[in-house]
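Results of the structural survey
Residue-level listing of the chains:
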Amino acid sequence: MWFNINIKKLAVLHLPTALRKAREIKFLFSLVKPLSRIHFDWLQVRNENIYKLNHNSQVCYLRKTLNDRFDPAERRIIIMDYQIYKQNYIYTQGENKPFKLGNSSSTDCGPMYLRPAYDYDLSTLNFIVKVPNELLVDNIYKIKALIEYYKLANKKYKIEKL
């Protein structure tokens, strides 16, 4: 491709043949070293941008990106849909409603658990990112930044320990 340039070779090829001696070539290499470094940095940024363009907010790509960056060997980071629970209301005896705390006759809803409010509302969370604890300790802000970069604007998430 046009961007795969060997700067040192190009510099030697542009040097007149009478000046192609070891001392002059070493001096020329010292002159083109900053240009080689800039070219190397540009190639790194180009590869990062191509990687970003090849990944989007789909769950499989987001999981792959998180695992590539933070857990490339074991790939333990997972993304789960957030489970919305059916909201069962607890009434007092004075209200004469069907569900009372400790009422054994109302078994149609199964066991009742007390959960945080965001477990019942669809508008609060959309997915959960489960991360191993040893990765979460050092990289919590980097993980959040990467998720924020790739997720859709209206999606909300929570990071939990695996």
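So, a few notes on the structure that sits alongside this text. (Residues numbered from 1 in each chain as written. Predicted model: local features only at pLDDT ≥ 70, side-chain atom pairs only at ≥ 80, totals over all residues. Heavy atoms only, no water.)

**A few points about the overall build of the protein chain**
- Helices and strands together make up the secondary structure of the protein chain, namely four helices and three strands.
- Ordered by position from the N terminus, the helices and strands of the protein chain form the series α-α-α-β-β-α-β.
- Burial analysis of the protein chain (162 residues in total) assigns 25% to the buried set.
- Of the contacts made within the protein chain by residues no fewer than 6 positions apart, 61% connect residues no fewer than 24 positions apart.
- For the protein chain, the accessible area works out to roughly 12,200 Å², and carbon and sulfur atoms hold 57% of it. (Helix = DSSP H or I, 4+ residues; strand = E, 2+ residues; numbered from the N terminus. Buried < 20%, exposed > 50% of the residue type's maximum accessible area, 1.4 Å probe, protein only. Contact = heavy atoms within 4.5 Å. Areas by Shrake-Rupley, 256 points an atom, 1.4 Å probe, with all protein chains shown as cover.)

**Regarding the packing of aromatic side chains**
- Within this structure, the stated rule accounts for five aromatic pairs.
- Measuring from ring centre to ring centre gives 5.7 Å for Phe127 and Tyr157, while their planes differ by 20°; the resulting arrangement is stacked. Taken as a pair, Phe127 in strand E2 (residues 127-131) and Tyr157 in strand E3 (residues 157-161) lie far apart in primary sequence, 30 residues in all.
- Among the residues examined, Tyr157 registers a relative accessible area of 16% and is labelled buried.
- For the ring pair Tyr149 and Tyr150, a centre distance of 4.9 Å and an interplane angle of 85° mean the geometry is edge-to-face. (Phe/Tyr/Trp six-rings, centres within 6.5 Å; stacked < 30°, edge-to-face > 60°.)

**Digging into the sheet that holds E3**
- Across the sheet, three strands lie side by side as E1-E2-E3; this open sheet has mixed pairing. The open sheet is flanked by strand E1 (78-81) and E3, the only strands paired with a single partner. The average undirected angle you get between the axes of adjacent strands in this sheet is 25°.
- Two elements, E1 and E2, share four bridges in a ladder whose sense is antiparallel. By the bridge assignment, Ile79 is partnered in E2 with Val129.
- Contacts between helix H3 (residues 59-70) and the sheet are confined to E1 and E2, with E1 contributing the most and set at about 150° to the helix.
- The sheet contacts of helix H4 (residues 133-150) involve E2 and E3, and relative to E3 the element is tilted by about 165°. (Pairing = 2+ DSSP bridges. Axes fitted to C-alpha atoms, helices over the stretch in contact; angles between N-to-C directions.)

**Here's the deal with the nonpolar core**
- Core analysis: the largest hydrophobic core is formed by 16 residues, its most contacted members being Leu66, Val129, Val131, Ile143, Ile147 and Ile159.
- Of all the secondary structure elements, the ones that give two or more residues to this core are H3, E2, H4 and E3.
- If you tally residues by element for this core, the top one is H4, at six residues.
- The residues contacting Leu66, other than those within four sequence positions of it, are Asp71, Ile77, Ile79, Val129, Ile143, Leu146 and Ile147.
- Of all hydrophobic cores here, the second largest spans seven residues; its members include Ile7, Val12, Leu15 and Leu28. (Core = buried A, V, L, I, M, F, W, Y, C linked by side-chain atoms within 4.5 Å.)

**Here's the deal with the packing of H3 against H4**
- Direction vectors running N to C along H3 and H4 enclose 145°, while the axes themselves pass 11 Å from each other. Our pair here, H3 against H4, has a crossing hand that is right-handed. Here Leu62, Thr65, Leu66, Arg69 and Phe70 of H3 lie close against H4, whose contacting residues are Leu135, Asn139, Lys142, Ile143, Leu146, Ile147 and Tyr150.
- Grouping the amino acids of the contact of H3 with H4 by side-chain chemistry returns eight nonpolar, two polar and two charged. (Left-handed = near helix turned anticlockwise from the far one by under 90°. Nonpolar A, V, L, I, M, F, W, Y, C, P; charged D, E, K, R; others polar.)

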